[in-house]
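Each chain, written out:
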Amino acid sequence: MTRKPPSSDPVQDAPQVGEPARAAAGLPAVGHSLRMARQQMGVKRTALTLLRVNQKDGFDCPGCAWPEGEKRHTAEFCENGAKAVAEEATTRRVTRDFFAAHPVAGLAERSGYWLGQQGRLTEPMYLPEGGEHYEPIGWDAAFALIAEELRGLASPDEAVFYTSGRTSNEAAFLYQLFAREFGTNNLPDCSNMCHESSGSALTETLGVGKGSVLLEDLHRADLIIVAGQNPGTNHPRMLSALEKAKAGGARIITVNPLPEAGMERFKNPQTAKGLAAGGTPLTDLFLQIRLGGDQALFRALNRIVLEREGAVDEEFVREHTHGFAEFAQAARATDWASTLAATGLERAEIERAAELVLASERTVVCWAMGLTQHKHAVPTIREVVNFLLLRGNIGRPGAGVCPVRGHSNVQGDRTMGIFERPAPAFLDALEQEFGFAPPRAHGYDVVRAIRAMRDGQVKVFLAMGGNFVAASPDTGVTEAAMRRARLTVHVSTKLNRSHCVTGARALILPTLGRTERDTRPGGDQFVTVEDSMGMVHASRGRLEPASPLLRSEPAIVAGLAQAVLGSGSAVPWAELADDYGLVRDRIARVVPGFEDFNTKAARPGGFTLPHAPRDRRRFPTATGKANFTAAPVEYPRLPEGRLLLQTLRSHDQYNTTVYGLDDRYRGIRDGRRVVLVHPADAAGLGLPDGSYADLTGEWDDGQQRVARGFRVVHYPTARGCAAAYYPETNVLVPLDATADTSNTPASKSVVIRLTPSAAG
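In what follows, the accompanying structure is described.

What counts and what doesn't
Residue numbers here run from 1 along each chain, matching the order of that chain's written sequence. A pLDDT threshold of at least 70 governs which residues receive local features in this predicted model, and a stricter bar of 80 or more applies before side-chain atom pairs are shown or counted, although totals over entire chains, interfaces and linings include all residues. Computation of side-chain values covers all heavy atoms of the structure but excludes hydrogens and water. Under the DSSP-based scheme used, a helix requires at least four consecutive residues in state H or I and a strand at least two consecutive residues in state E, with every element numbered from the N terminus. Here the globule rule reads 2.2 Å times residues to the power 0.38, and the radius of gyration is calculated from C-alpha atoms. Only protein chains enter the accessibility calculation, which uses a 1.4 Å probe; a residue whose area is less than 20% of its type maximum is buried, one above 50% is exposed, and one in between is partly exposed. Accessible surface area values rest on a Shrake-Rupley calculation with a 1.4 Å probe, where residue burial reflects the displayed protein chains alone. When checking whether two residues touch, look at their non-hydrogen atoms; a contact exists if any pair is within 4.5 Å. Two cysteine sulfur atoms make up a disulfide if the distance between them is within 2.5 Å. Here, a strand pair is defined by DSSP locating no fewer than two bridges between the strands. In this description, a line fitted to the C-alpha atoms serves as the axis of each element, helices being fitted only across the stretch in contact, and the angle between N-to-C directions of two axes falls anywhere from 0 to 180 degrees. In this scheme, a crossing is called left-handed if the near helix is turned counterclockwise away from the far one by less than a right angle; it is called right-handed if the turn is clockwise. Put simply, Ala, Val, Leu, Ile, Met, Phe, Trp, Tyr, Cys and Pro go in the nonpolar bin, Asp, Glu, Lys and Arg in the charged bin, and everything else, Gly too, in the polar bin. Each reported salt bridge corresponds to a side-chain nitrogen of Lys or Arg within 4 Å of a carboxyl oxygen of Asp or Glu. Under this definition, polar contacts are N or O atom pairs within 3.5 Å; protein pairs additionally need one hydrogen-donor-capable and one acceptor-capable atom, and for neighbouring residues in sequence, both atoms have to be side-chain atoms. Definition used in this section: a nonpolar core is a set of buried Ala, Val, Leu, Ile, Met, Phe, Trp, Tyr and Cys residues joined via side-chain atoms within 4.5 Å. Roughly parallel refers to an angle under 35 degrees, roughly antiparallel to one over 145, roughly perpendicular to one between 65 and 115, and oblique to any angle outside these ranges.

Within the chain, the regular secondary structure consists of 32 helices and 33 strands. Taking 2.2 N^0.38 as the reference for a compact globule, 760 residues should give roughly 27 Å; the C-alpha atoms of the chain span a radius of gyration of 25 Å, in line with that estimate. Principal-axis analysis of the C-alpha atoms gives the chain an extent of 70 × 60 × 55 Å. By residue count, 64% of the 760 residues in the chain fall in the buried class. Here the chain has roughly 26,200 Å² of accessible surface; of this, 50% comes from carbon and sulfur atoms.

A few words on the environment of Val-460. As for its position among the elements, Val-460 is in strand β16 (residues 460-464). Put simply, Val-460 and Tyr-692 are 232 residues apart on the chain and 41 Å apart in space, counted from C-alpha to C-alpha. Non-local contacts of Val-460, meaning those with residues more than four positions away in its chain, are made with Glu-149, Leu-150, Leu-153, Glu-158, Ala-159, Val-160 and Leu-487.

The subject of this paragraph is the state of the cysteines. The full count for this structure, using the stated rule, is zero disulfides. As a non-bridged cysteine, Cys-190 has Cys-194 as the owner of its nearest cysteine sulfur, 5.5 Å distant. Here Cys-190 falls in the buried class, since its relative accessible area comes to 13%. The thiol of Cys-402 is not disulfide-bonded; the next cysteine sulfur, from Cys-366, is found 3.8 Å away.

Reading across the sheet, the three strands line up as β2-β10-β11 and stay open at both edges, with mixed pairing between neighbours. Sheet topology places β2 (24-25) and β11 (280-281) at the edges, where each strand pairs with a single neighbour.

Extensive coverage of helix α12 (residues 238-247) is indicated by the burial of seven of its 10 residues. Turning to α12, its buried residues number three or more, namely Met-238, Leu-239, Ala-241, Leu-242, Glu-243, Ala-245 and Lys-246. Positive backbone phi, at 105°, marks Gly-249, one or two positions downstream of α12.

Attention now goes to the packing of helix α15 (residues 294-307) against helix α18 (residues 336-343). The geometry of α15 relative to α18 is characterised by a closest axis approach of 9 Å and an angle of 145° between their N-to-C directions. Judged by the twist between their axes, the crossing of α15 over α18 is left-handed. Residues Ala-296, Leu-297, Ala-300, Arg-303 and Ile-304 of α15 form the contact with α18, whose own contacting residues are Trp-336, Thr-339, Ala-342 and Thr-343. When its residues are assigned to classes, the contact of α15 with α18 shows six nonpolar, two polar and one charged.

In this model, Tyr-726 is joined to Pro-727 through a cis peptide bond whose omega is 10°. Unlike most non-glycine residues, Asp-596 shows phi in positive territory, near 55°. Tracing the chain through its elements places Asp-596 in the loop between α29 (580-590) and α30 (597-601). Look at Thr-741: it is not a glycine, yet its phi comes out positive at around 75°. Along the polypeptide, Thr-741 turns up in the loop between β32 (721-725) and β33 (750-756). Taking the relative accessible area as the measure of exposure, Thr-741 reaches 59% and is therefore exposed.

Taken in spatial order, the three strands make up an open sheet running β21-β22-β23, and their pairing is antiparallel. Strand pairing shows two members of the sheet lacking a second neighbour, β21 (527-530) and β23 (607-608), which therefore form its edges. Alignment of β21 against strand β22 (residues 535-539), held across four bridges, turns out to be antiparallel. Its bridge partner being in β22, Val-527 is matched across the sheet by Ser-539. Taken strand by strand, helix α8 (residues 169-182) contacts β21 and β22, and its axis lies near 90° from that of β21.

Once that is clear, we can look at the pattern of salt bridges. Using the criterion set out here, one finds 52 salt bridges in the structure. Of the charged contacts, one joins Asp-524 and Arg-517 as a salt bridge, the two residues approaching to 2.9 Å between their closest N and O atoms. Using a relative accessible area of 27% as the deciding quantity, one classes Arg-517 as partly exposed. Several salt bridges share partner residues, and in doing so they unite Asp-189, Glu-196, Arg-414, Glu-420 and Arg-421 into one network.

With that settled, the discussion passes to the pairing of strand β14 (residues 363-367). Across the five residues of β14, five count as buried, placing the element largely inside the fold. Alternating residues of β14 divide into Thr-363, Val-365 and Trp-367 and Val-364 and Cys-366, and every residue in both groups is buried. Two strands pair when backbone bridges link them, and strand β8 (residues 223-227) and β14 are joined in this way by five bridges, in the parallel orientation. Bridge pairing links Ile-224 to Val-364 in β14.

Okay, the side chain of Asn-230 next. Among the secondary structure elements, Asn-230 is positioned in the loop between β8 and α11 (231-234). Residue Asn-230 is classed as buried on the basis of its relative accessible area, which comes to 8%. Among the polar contacts listed, one links the side chain of Asn-230 to the side chain of Glu-260, at a separation of 3.3 Å. Ignoring anything within four residues of it in the chain, the contact list for Asn-230 reads His-235, Glu-260 and Arg-666.

Mapped onto the fold, Val-731 is located in the loop between β32 and β33. A relative accessible area of 22% places Val-731 in the partly exposed class. Spatially, the C-alpha atom of Val-731 lies 41 Å from that of His-73, the residues being 658 residues apart in sequence. Dropping the residues within four chain positions of it, Val-731 is found in contact with Asp-474, Thr-475, Arg-705, Val-706 and Ala-707.

Okay, the nonpolar core next. Judged by nonpolar contacts, the single largest core of 61 residues is most densely connected at Leu-150, Phe-178, Leu-509 and Trp-573. In terms of residue count, α8 provides more of this core than any other element does, eight residues in total. Filtering out sequence-adjacent residues up to four positions away, Trp-573 remains in contact with Leu-174, Leu-177, Phe-178, Glu-181, Val-557, Ala-558, Ala-561, Gln-562 and Leu-565. Ala-300, Ala-353, Leu-388 and Phe-628 belong to the second largest nonpolar core, which has 49 residues in total.

By the criterion of burial, strand β7 (residues 159-163) is predominantly enclosed, with five of the five residues buried. Pairing analysis gives five bridges linking β7 to β16, with the strands arranged parallel. Bridge pairing links Ala-159 to Val-460 in β16.

All right, on to the packing of α15 against helix α21 (residues 377-390) then. In contact at an axis separation of 9 Å, α15 and α21 are set at 20° when each is read in the N-to-C sense. Viewed along their axes, α15 and α21 adopt a mutual orientation that is roughly parallel. The handedness of the crossing between α15 and α21 is left-handed. Each of Asp-294, Gln-295, Phe-298, Arg-299, Leu-301, Asn-302, Val-305 and Leu-306 in α15 lies in contact with α21, whose residues at this interface are Pro-379, Thr-380, Glu-383, Val-384, Asn-386, Phe-387 and Leu-390. For the contact of α15 with α21, the residue count by class is eight nonpolar, four polar and three charged.

Without other data, these values stay purely geometric and don't point to any function.
Printed below as a string of structure tokens:
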């Protein structure tokens, strides 16, 4: 039975507002998950599909990258995971008749929510130059069209190959291989927009751009600091790990401008206590920090540690670190006045946090976009590393750095070589394995790719998954840049905004989802993914494909490579597409840690990649040691009457995919155009609760960036700070407002002014 999607867009400019929730998950999460799953899949399909999510013989959730433990629950998924699976395994279909009935211009006026609700794409579609509708096209003809455009470029660097996090290891490896054999390192990916700051800081300080902890380390920690992260919405299964840590005696400090229900109290839906009782309080100390004040907070904590006799692990510092003296001098010079101005905290709150730090022998710091999307994001994360190094909390069980990646396999894609600035050793290994010379010049990241398209330097844009237009900053600039391309190509499972903002010509290539059986001439195939903690495991879909015309991502890449590169290619593309085990054999000879990949991948639960700082306290940095750093403390300074805006997700959302129009934990229903403002700040601006305002971004380029008609919600956020959902507010994020070093968009520190709107 096919379930019908909504026929019209719901009204989104009159949201209803109630009290924020004080706890996460529990029976409401179970009910909401099952209700949305039944709407998309029906009862039988829901049961058959959800019980295979994150199981050792099942498929990896297409949502977040949180790891699974050795022992799996029967229902090893969270509310948002159930929504992600339901959206992919839906019985709704987008056919050629749909495209015939809907011109592209009309689709462009629809919301992202409505587009996503239409269902799964079923066959390749082509928008000819000057055309008003997408029309069907065969796979061979689609590949030939792309080959024509790519071969006609003046340089391979006039093409961009973008990757979303959902791409498997096997597909990602083939995709970067194709791009590099074609002749470019233009391989931007969604990491550029989220955890690039983490990778930059960790590579410099520890030598490995990934987290150093495993799931068991969280369970063994004495203290866990969760900074700039909202697990209740973005990584709900993390709450179970925090609950287990609390049961083992851990203390938790939450650092966030917004109070979040999940960190307040967790009602575990997998336990009787969680369903029937009040749940588990998680946070021992809530530091309601101002946006961008985290570097100042960790610098102040470091000063306190330095001043407390016996608090520094002097043996670890002496044997394993470099740069301590310079760092210590800078930290001791920290003054309380600037710290309190930057953080918005009271000195007593910071000193209370320091007491918890000093009482802990094993400390983990977890973070996400709240730390990575600021101009000074990289120095902030380096200060977190300083904080952990001081007490020897790297390479110690129950301690370490834990950047929590958002999208399933976004970390694996980077491991497979999806990176615009590849390491020479990786390129050397590619050359030895495949017999061609990969390009050595650095390519474009996301921001530079948009600039290059804007300036006419990129003519062809290919995306392996994702929703590039909605995910990227400076919406007006990004959309104009995409429209300058000669050809835009999207490998997708469902409709999204990026299919409506096209180059002169456009293609949509429909692909299998994680939930679906992948049968090739070599038999049924499986793929692998890497979670946020460096665990690699298999993913096997079992559902029949949504359409017989779908192709897997590896098969799409291989078919495209054959069409573009022809018989002169050094790579046996057809063989690799037919048997992913052959792809894994090649990965094993190119990527360190993947030796004997096929054997390891066959193990139930997979295997752990090596991590030198964690495993051996060895630091592959330029100095051969872990590096202390001593950057000046930075924080945003606001002109009078302005607020600092962070863009964020609602609870009914995963990245740019909107599952519904509610944000249950924040008390928002039936709408998304809301701006959360502290009551005192709103009163000072003359904006009553329930009034409507336009949000105007302020940046030094003088351009006018406005998001209109947002309902003002008086909300207990930090003073001087505001919050609103993306992608609706991506229009306010300037393309050139990026983090130093990483070039990540500064989406958590947008200076805005609010003015009354006629929308109310």
